[in-house]
Amino acid sequence: MSLDAEEYFSRLKDAVHFLRDRLGEDPPSVGLVLGSGLGDFVQELRAVQSIPYREIPHFPVSKVVGHCGELSLGTHKGKRFCALSGRVHLYEGLPAAEIVFAVRVIALWGAETFILTNAAGGINTEFRAGDLMLIKDHIDLLGENPLCGPNLDALGERFPDMSEAYSPSLLALAHQCGEELGLALKQGIYIALPGPNYETPAEIRMCRLLGADAVGMSTVPEVIVLNHMRKKVMGLSCITNMAAGILPKKLHHDEVLETTQRVKQEFSALLLRIIERLEAND
Ligand code: HPA
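Residues numbered from 1 in each chain as written. Predicted model: local features only at pLDDT ≥ 70, side-chain atom pairs only at ≥ 80, totals over all residues. Heavy atoms only, no water.

Colleague: I'd like to hear about the overall build of the chain, residue by residue, with values.
Modeller: Helix and strand content of the chain: seven helices and nine strands. Expressed as lengths along the three principal axes of its C-alpha atoms, the size of the chain is roughly 50 × 40 × 35 Å. Counting every position in the chain, which comprises 282 residues, the buried fraction comes to 55%. Across the chain, the fraction of contacts at a sequence separation of at least 24, relative to all contacts at a separation of at least 6, is 83%. Accessible surface computed for the chain: about 12200 Å², of which carbon and sulfur atoms make up 50%. (Helix = DSSP H or I, 4+ residues; strand = E, 2+ residues; numbered from the N terminus. Buried < 20%, exposed > 50% of the residue type's maximum accessible area, 1.4 Å probe, protein only. Contact = heavy atoms within 4.5 Å. Areas by Shrake-Rupley, 256 points an atom, 1.4 Å probe, with all protein chains shown as cover.)

So this is what it looks like as structure tokens:
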């Protein structure tokens, strides 16, 4: 971590105090991160209060198209949730501690359950663009870990366990919700590479050999710090394209955004159903 640990922790607390002042002492029970093109989820809900990241002390702001940079607080069937529309990525040149700043703030505010979403390329050839994949586990090839540097003891231990990084009970709940909605959800391993270039076909063959089903450039740093803080995590990838070399065509960010638009109704229905069904101990 490039920042002094004490200074970083006090920045986290500044942001939490700001959110408590603006949105109330009562913390949301669920934190949501909406990945590339997936931020529209929030627009479909009523009575949501939103704050642009740039107004929140120390929040990093993404410059990537499809990431609007807004924190929203909403209630669905009695559950308060806080959604982060847009995230920052390592490829934007920020240190890993900045990448995870926003989720740490929501976790410190008091949310216990997190649903992290992303756009990803399909490696598993059974997948198709437009599929939704529940993340069972991940492989981290980002090369930078947000927990490096002095441990923030107030947040968690030095050597956090990652053997159930994605909560098995949340995974089961998500499958159940998918079935109820008639969605053919996929499940698989997410592999994170730093980007920003898409992978080469040879790299994708390597990822498949390593056991990965989908590839992306995000999510893993957040999963690591949330496990460090002993929060429960669920991961959901929107397979926006087949990864490099699988189909005879080139990859482009426009395809990623087009696919998220195509699946946004299913995606939102699934998130709402999951939020609705979360029990206090989820
Ligand atoms: N590779 C990496 N990240 C991605 C992809 C991909 O093919 N699609 C969406 N995010």
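Moving on from the coordinates now.
Colleague: How would you explain helix α3 (residues 101–109) if you had to name every residue and give the values?
Modeller: Given 3.6 residues to a turn, an α-helix orients residues that are three or four positions apart in the same direction. A large share of α3 lies buried, amounting to eight of its nine residues. Buried within α3 we find Phe101, Ala102, Val103, Arg104, Val105, Ile106, Ala107 and Trp109. The first or second residue beyond α3 is glycine 110, which carries a positive phi of 140°.

Colleague: Hey, could you go over empty space enclosed by the protein for me, with residue numbers and the actual values?
Modeller: In total, this model carries four cavities of 30 Å³ or more according to the counting rule given. Approximately 100 Å³ is the volume attributed to the largest cavity. Along the wall of the largest cavity there are 14 residues; nearest its centre are Gly86, Arg87, Val88, Ile99 and Ala102. Within the residue set of the lining of the largest cavity, elements represented by two or more residues are α2 (96–99) and α3. Tallying contributions element by element places α3 first for the lining of the largest cavity, with three residues. Of the residues in the lining of the largest cavity, the class split is ten nonpolar, one polar and three charged. (1 Å grid on protein atoms, 1.4 Å probe; cavity = no way out; pocket = protein on both sides within 12 Å on 5 of 7 lines; lining within 4 Å. Points joined across faces, edges and corners; volume = space filled by probe spheres on them. Nonpolar A, V, L, I, M, F, W, Y, C, P; charged D, E, K, R; others polar.)

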